Amino acid sequence: MYDYLIVGAGLFGAVCARELTDAGKRVLVVEKRQHTGGNVYTERTEGINVHKYGAHIFHTNDRKVWEYVNRFADFNRYTNSPVANYKGELYSLPFNMYTFNKMWGVVTPEEAEKKIAEQRGEITAEPENLEEQAISLVGRDVYEKLVKGYTEKQWGRDCRELPAFIIKRLPVRLTFDNNYFNALYQGIPTGGYTKMVEAMLRGIEVRLSTDYLAEKAELDRLVEKIIYTGAIDAYFGFSLGKLEYRTVRFETELLDIPNYQGNAVVNYTDRETPYTRIIEHKWFEFGKDENEKELPKTVISKEYSKEFAEGDEPFYPINDQRNGALYERYRQLAEKEKNVIFGGRLGEYKYYDMDKVISAALECADRELS
């Protein structure tokens, strides 16, 4: 009945579905959740588009990808400029001259560079863990206040127990530029990501609340080929063991005030504050609705990083040696599967920025159609 079954209605699945359908293929999309969009799903509350699975800010230097997403949504000019809160002290992110002025009172780039160089000198050998790697990049003061606590909450481990490669580099800017991503193109789709994904899937059959693995035999009979974006270890029944993830728990509140923190993203970088950050969703769209009217209420989400447990949404692959080796064994099994393509964050056990997901999906579709 169908040429392709696409498992998962996130960005990878939606882009593949659109491209294959436009090329004349018969496509069925199945999605385990009750909504499309995967982790970029947004839900309207009091006129505010709430990022239900955490903040998603689109950014890319890839013009092809930027032009592609603009087919399905108008993007605003939102620029990510988060704030770090360390025990009530506020710092600008990413690390820039505003940060260094607050940290040390330095005024010129030369003064900042000298201070960082002095503190980097503490690490004289090849860094053996994340703590040493971070200090070798930004110095002890920035590490202690803006990296250590946040990272330990995020990963649930002491920084000295984490591998150095997790922080391959930290952005250090000797300018007053607090544009976090520094990408050519960035913004938030007007009306939210759900609206954009729905536009991608327009005219395509989508079955929600459908667990592919539970209905695999029946669904497989309907199609010639499968694009699978679910967890690769789950596809194989965890036969080689389970891949590990970190996940996030959200506490979301609707507040009867117009402004809670004055910024979309505030990171809490001390170890004592239990959450990693607070998102105030309205500021992704400048506190206004589609008619440019000020929104009288606000919605905030506190994010708590935690170990993945059964029933949680898997967020961040734990890219250590054990999991890397285990994924490679699953990847070898996947290569032997006939007429099944594994893609996306869970299918490839890989953290993907949104633009890279879309680029990979476009390449996948191109290969299928070539």
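Shown above is the structure to which this text applies.
Cut-offs and rules
Residues numbered from 1 in each chain as written. Predicted model: local features only at pLDDT ≥ 70, side-chain atom pairs only at ≥ 80, totals over all residues. Heavy atoms only, no water. Salt bridge = Lys/Arg side-chain N within 4 Å of Asp/Glu carboxyl O. Helix = DSSP H or I, 4+ residues; strand = E, 2+ residues; numbered from the N terminus. Buried < 20%, exposed > 50% of the residue type's maximum accessible area, 1.4 Å probe, protein only. Axes fitted to C-alpha atoms, helices over the stretch in contact; angles between N-to-C directions. Parallel < 35°, antiparallel > 145°, perpendicular 65-115°, else oblique. Left-handed = near helix turned anticlockwise from the far one by under 90°. Contact = heavy atoms within 4.5 Å. Core = buried A, V, L, I, M, F, W, Y, C linked by side-chain atoms within 4.5 Å. Pairing = 2+ DSSP bridges. Nonpolar A, V, L, I, M, F, W, Y, C, P; charged D, E, K, R; others polar. Phe/Tyr/Trp six-rings, centres within 6.5 Å; stacked < 30°, edge-to-face > 60°. Lys NZ or Arg CZ within 6 Å of the ring centre and 35° of its normal. Polar contact = N/O pair within 3.5 Å; in protein donor to acceptor, adjacent residues only side chain to side chain.

Engineer: For this particular structure, what's the right way to read the pattern of salt bridges?
Structural biologist: Oppositely charged side chains are able to pair whenever their charged atoms sit close together. On inspection of all chains with the given rule, the structure shows 30 salt bridges. Glutamate 307 is the salt-bridge partner of arginine 246, the closest N and O atoms lying 3.0 Å from each other. Taken together, the residues arginine 246 in strand 11 (residues 245–255) and glutamate 307 in strand 14 (residues 298–307) connect sequence positions 61 residues apart. Using a relative accessible area of 38% as the deciding quantity, one classes glutamate 307 as partly exposed. Across the pair aspartate 312 and lysine 306 runs a salt bridge whose closest N-O atoms are separated by 2.7 Å. A relative accessible area of 25% places aspartate 312 in the partly exposed class. For lysine 306, a relative accessible area of 29% corresponds to the partly exposed category. Here the residues in one salt-bridge network are Arg18, Glu19, Asp22 and Arg71, joined through shared partners.

Engineer: Can you walk me through the packing of helix 3 (residues 97–104) against helix 4 (residues 109–120) in this structure?
Structural biologist: Angle between the axes and distance between the axes are the two parameters that describe a pair of packed helices. Here helix 3 crosses helix 4 at 65°, and the two axes come no closer than 10 Å. If you check the angle between helix 3 and helix 4, you find them roughly perpendicular. For the pair helix 3 and helix 4, the sense of crossing is left-handed. On helix 4, the residues touching Met97, Phe100 and Trp104 of helix 3 are Pro109, Ala112, Lys115, Ile116 and Gln119.

Engineer: In this structure, what is going on with the nonpolar core? I would like to understand it.
Structural biologist: Burial of nonpolar side chains together is a common tendency in soluble globular proteins. Ranked by size, the top nonpolar core spans 54 residues in total, and within it Leu5, Phe95, Phe100, Tyr212 and Tyr228 carry the most contacts. Ignoring anything within four residues of it in the chain, the contact list for tyrosine 228 reads Val7, Tyr212, Leu213, Ala234, Tyr235, Val340, Ile341, Phe342 and Gly343.

Engineer: What am I meant to see in the pairing of strand 13 (residues 277–280) here?
Structural biologist: Both faces of strand 13 are covered, namely the face carrying Arg277 and Ile279 and the face carrying Ile278 and Glu280. Of the strand pairs in this sheet, strand 12 (residues 265–268) and strand 13 are connected by three bridges, and their pairing is antiparallel. Looking across to strand 13, one finds that valine 266 is bridged to isoleucine 278. Bridge count for strand 13 against strand 14 is four bridges, and the pairing is antiparallel. Looking at strand 14, one finds that arginine 277 is bridged to glutamate 303.

Engineer: What am I meant to see in the packing of helix 5 (residues 130–138) against helix 6 (residues 140–155) here?
Structural biologist: Taken N-terminus to C-terminus, the directions of helix 5 and helix 6 make an angle of 140°; their axes are 9 Å apart at the nearest point. In terms of their interaxial angle, helix 5 and helix 6 are classed as oblique. Two packed elements cross with a definite hand, and for helix 5 against helix 6 that hand is right-handed. Contacts between helix 5 and helix 6 pair Leu130, Glu131, Ala134, Ile135 and Val138 from the former with Arg140, Val142, Tyr143, Val147, Lys148 and Thr151 from the latter. Residue classes in the contact of helix 5 with helix 6 are distributed as seven nonpolar, one polar and three charged.

Engineer: Even after reading the chapter, I still don't get the environment of arginine 221, so can you show me in this structure?
Structural biologist: Its location among the elements puts arginine 221 in the loop between helix 8 (216–220) and strand 10 (223–228). The class for arginine 221 is exposed, based on a relative accessible area of 64%. Sequence spacing of arginine 221 and tyrosine 2 is 219 residues, and the spatial spacing of their C-alpha atoms is 9.5 Å.

Engineer: Can you walk me through the packing of aromatic side chains in this structure?
Structural biologist: Describing an aromatic ring pair means giving the distance of the ring centres and the angle of the ring planes. Throughout the structure, instances matching the rule amount to 25 aromatic pairs. Between tyrosine 212 and tyrosine 228, the aromatic rings sit 6.0 Å apart at their centres with planes inclined by 55°, giving tilted as the arrangement. On the criterion of sequence distance, the pair formed by tyrosine 212 in the loop between strand 9 (205–207) and helix 8 and tyrosine 228 in strand 10 is long-range, its members being 16 residues apart. For the ring pair phenylalanine 250 and phenylalanine 315, a centre distance of 6.1 Å and an interplane angle of 55° mean the geometry is tilted. On the criterion of sequence distance, the pair formed by phenylalanine 250 in strand 11 and phenylalanine 315 in the loop between strand 14 and strand 15 (316–317) is long-range, its members being 65 residues apart. Look at phenylalanine 315 and you get buried, because its relative accessible area is 6%. Aromatic ring contacts, followed pair by pair, group Tyr212, Tyr228, Tyr235, Phe236, Tyr330 and Phe342 into a single cluster. The cationic tip of lysine 102 hangs over the ring face of tyrosine 91; the distance from NZ or CZ to the ring centre is 5.1 Å.

Engineer: Hey, could you run me through the side chain of threonine 36 in this one?
Structural biologist: If you trace the backbone, threonine 36 turns up in the loop between strand 2 (27–30) and strand 3 (42–45). Overall, the relative accessible area of 12% leaves threonine 36 in the buried class. In contact with threonine 36, not counting residues within four places along its chain, are Ala9, Tyr41, Val197, Glu198, Leu201, Val206 and Leu208.

Engineer: Please clarify how the side chain of threonine 298 should be interpreted in this entry.
Structural biologist: With respect to the helices, strands and loops of the structure, threonine 298 is situated in strand 14. Judged by relative accessible area, threonine 298 falls into the buried class, the value being 0%. Looking at threonine 298, its side chain comes within polar contact range of the side chain of glutamate 280, at 2.6 Å. Sequence-distant contacts of threonine 298, that is, excluding residues within four places in its chain, are made with Ile48, Glu253, Leu254, Leu255, Ile257, Pro258, Tyr260, Glu280 and Lys282.

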